[in-house]
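# What the coordinates show
Spelled out from the first residue to the last, the chains are:
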Amino acid sequence: MSKDLLIDVGVEELPSSYMDELANLLSISFSSFLDENYISRSGEEIFLTPRRMIFTAKDMALKQNIPEMEIKGPPKNIALTEDGSPTKALTKFLEKCNTDKWYVKTTKEGEYIFCSTAQENLETRTIIENKFPTFLLNLPYSKKMRWDGIIFIRPIRWIVSLLGEDLINLEICGVKSSRIEKGLRGYPEISIENASNYKELMANNRVIISSTDRMNMIKERLSSFKENTLIENVNITEFPVCVDGKFEKDFLMLPGIVISTVLAKSLKSFTINDNKGALTNEFVFVMDGPRNTEVVRAGYEKVVNAKLKDALYFFEFDRKKKLDERREALSGIIFIEKLGTISQKIDRMKIISTLFDEIVQRDKLIRAIELSKVDLTTKLVYEFPELQGAMGKIYALEEGIEPEIANALYEYYLPIYESDKVPESILSRVLGIIDRTDTFIGALWTGIDITGSYDPLGVRRTVIGLIRILLYSYIPIDILSLFRTSMEAYRRINNIEFEDNFISKLIDFYNIRLKNILASTLKYDVVNALINESLIVNPFELKVKGEIIEKEREKPEFKTLCESYTRINNILKGTKIKSEGVIQELFTDPAEMNLYKAYLEVKNDYFKSNDYLEKMNLLYKINEPVTSFFDNVLVMTENLETRENRLALLSKIKKLLSDFAEFSKIVF
């Protein structure tokens with residue numbers, strides 16, 4: 001027999017920015033809690049609203065289903081005497097297992113004594129009453145409050161807990177469970193009689209427990225929206241109601257991104273476009289449940305007009321001063337503590353830019369670098385930091401600055417979040433690489449311990465953005481040279497010295513993020529084969545190689561190549577090559593010369609080619625000579641000189657193959 005489970009823990013308002021992380025934590029942990037307690041069910045779900053943490057499960061068994069466990073005891077010859085009588089070892093084993101039944105079982109190690117223990121299956125209700133409070137309170141929440149000696153996310157105000165129609169007696173933080181559910185704020189309480197119809201009953205009482213359903217209710221009214229604003233409204237409402245409003249048409253002289261940003265940040269509201277995509281003076285805001293619409297609309301419109309009036313004043317004030325006239329003020333803005341000013345960051349970026357002389361036009365890049373942070377000095381960006389870059393582009397175009405440079409002032413900030421697009425123009429990409437590299441090197445040097453969700457300088461986001469730009473656009477730059485040049489810029493501009501192991505720290509931090517990003521599109525073994533923990537490689541190159549390996553891995557010649565690499569790698573493991581030079585006069589078998597000739601021919605063509613598929617096909621030519629070599633030649637011969645020569649030959653071949661990937665890590 002089974003019943004549905006409901007546990008609703010009512011709390012004071014949860015932080016909206018924490019809802020997604022919290023939902024993921026609760027979902028994984030609740031599933032594990034049920035599994036660890038052997039409680040079977042057809043499925044479980046977690047729901048979050050601003051005031052509720054809801055745990056549900058379908059068709060939950062009313063009792064545990066703990067499997068019998070087989071316990072291995074002492075060997076038979078120790079447990080029993082020659083006449084079959086139990087020894088002290090057997091007696092102690094049975095006492096430990098709390099049973100008098102045992103049997104002999106043959107294992108790989110010989111005959112052993114075993115016993116089976118069957119534990120009592122407790123009622124599900126008893127398990128939840130005894131264990132759920134501790135489970136809930138001890139989860140690793142990253143945001144907590146302390147009150148009356150209690151530590152939890154937010155103070156608990158009510159608990160509803162049912163197994164089918166039966167009440168589960170829970171007490172958490174001094175609050176006892178009941179059937180009485182709080183309704184939408186300002187609305188009557190709700191009596192829950194059965195867990196099975198909870199979701200529908202709450203919806204009928206204007207509480208939508210599913211965040212997906214709340215999101216769809218809002219999206220139905222919008223023609224376009226800022227993703228962050230949409231999610232924020234979902235996380236602060238239990239029954240979202242979209243209401244139209246209007247602001248004064250005169251404010252449409254403001255750039256559209258300014259209007260949408262002001263509405264989103266100040267009132268969590270959305271702009272509306274007409275059928276042709278042009279911005280209108282209409283907007284949509286979201287109420288939590290039906291209210292006095294006219295009164296609320298009037299209040300929103302008053303605030304929106306006031307905020308846009310301020311924005312228009314800032315916009316007109318900012319335009320009185322040219323961007324170049326603002327550059328001097330950057331020397332008064334701190335970039336990051338210990339790393340100097342924004343003006344010094346610009347100077348460092350110029351030093352890094354020398355690496356890109358063959359990639360972009362130098363005068364354009366220098367001009368873009370000089371203007372890249374100037375909009376930080378404007379009033380609009382000061383009030384709305386989200387407009388950084390966007391206002392730089394707008395003001396630059398108004399001043400007649402070349403569109404490619406003006407566009408780069410905005411685009412180089414992309415990608416802002418994980419699924420965001422990367423910059424389109426090569427100038428924007430290069431500017432984005434230079435800016436992020438400088439930030440990465442400096443922030444990591446400050447020594448801030450980046451753990452878990454603690455990353456105050458946004459180093460992870462910076463590195464992920466850097467990798468994504470490099471991953472999806474071919475920019476022929478050596479990453480290690482890029483990092484070293486940035487370090488040199490810090491030495492010259494800020495007199496900063498780096499520890500000897502700093503490069504290793506950079507590589508480790510960078511490679512971990514690179515591996516995670518590549519693993520989203522490539523198999524884990526391919527990623528492991530591509531990334532050398534002690535080296536740093538251009539992500540675009542790794543991406544192309546990985547895609548080729550994925551396509552080639554089913555071919556027999558690819559498998560042979562991996563086997564050859566693995567065999568060479570195993571022979572060379574732990575050996576020290578005294579000389580990398582190969583002496584042809586020491587060859588004693590034709591297979592040695594054939595392999596050496598094949599290596600020279602392949603190597604010559606391999607490093608001339610820029611086509612990675614062609615490179616792979618060239619490496620296949622090594623297969624037959626390597627196979628023949630191992631069939632006919634004893635590498636570890638007693639003749640020391642000959643052995644060293646053969647190891648040197650294999651070392652060269654491994655080095656060539658490793659340029660593409662560590663093929664021994666491919667799993668078949």
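The coordinates are above.
Calculation criteria
Residues numbered from 1 in each chain as written. Predicted model: local features only at pLDDT ≥ 70, side-chain atom pairs only at ≥ 80, totals over all residues. Heavy atoms only, no water. Helix = DSSP H or I, 4+ residues; strand = E, 2+ residues; numbered from the N terminus. Expected span 1.5 Å × (residues − 1). Buried < 20%, exposed > 50% of the residue type's maximum accessible area, 1.4 Å probe, protein only. Arc of directions from axis to C-beta. Contact = heavy atoms within 4.5 Å. Core = buried A, V, L, I, M, F, W, Y, C linked by side-chain atoms within 4.5 Å.

### Re helix 22 (residues 556-572)
Helix length check: helix 22, at 17 residues, gives a terminal C-alpha distance of 24 Å against a target of 24 Å (1.5 Å per residue), a fit within 8%. Among all positions of helix 22, only F558, L561, C562, S564, Y565, I568, N569 and L572 are buried. Down the axis of helix 22, the smallest arc covering the buried residues is 160 degrees, so these residues share one side. Buried-residue contacts for helix 22 involve helix 21 (539-552), helix 24 (612-620), helix 25 (623-632) and helix 26 (640-658). Where helix 22 terminates, the next one or two residues include G574, which has phi positive at roughly 85 degrees.

### Structural notes on the nonpolar core
One finds F356, L380, F483 and F663 to be the most contacted residues of the largest nonpolar core, which totals 129 residues. Leaving out residues up to four positions away in the same chain, L380 has contacts with V258, A311, F314, F315, D318, L387, M391 and Y395. Membership of the second largest hydrophobic core comes to 38 residues, among which are L22, F135, L139 and V175.

### Quick notes on unusual backbone geometry
In this structure, P415 follows L414 across a cis peptide bond, with omega equal to -5 degrees. Looking at the element boundaries, P415 is found in the loop between helix 15 (403-411) and helix 16 (426-445). The phi torsion at R206 lies on the positive side, around 65 degrees, for a residue other than glycine. What makes R206 partly exposed here is its relative accessible area of 35%. Even without a glycine there, the phi angle at K268 is positive, about 55 degrees. Within the secondary structure, K268 sits in the loop between helix 8 (256-267) and strand 16 (270-273). Residue K268 is classed as partly exposed on the basis of its relative accessible area of 26%.

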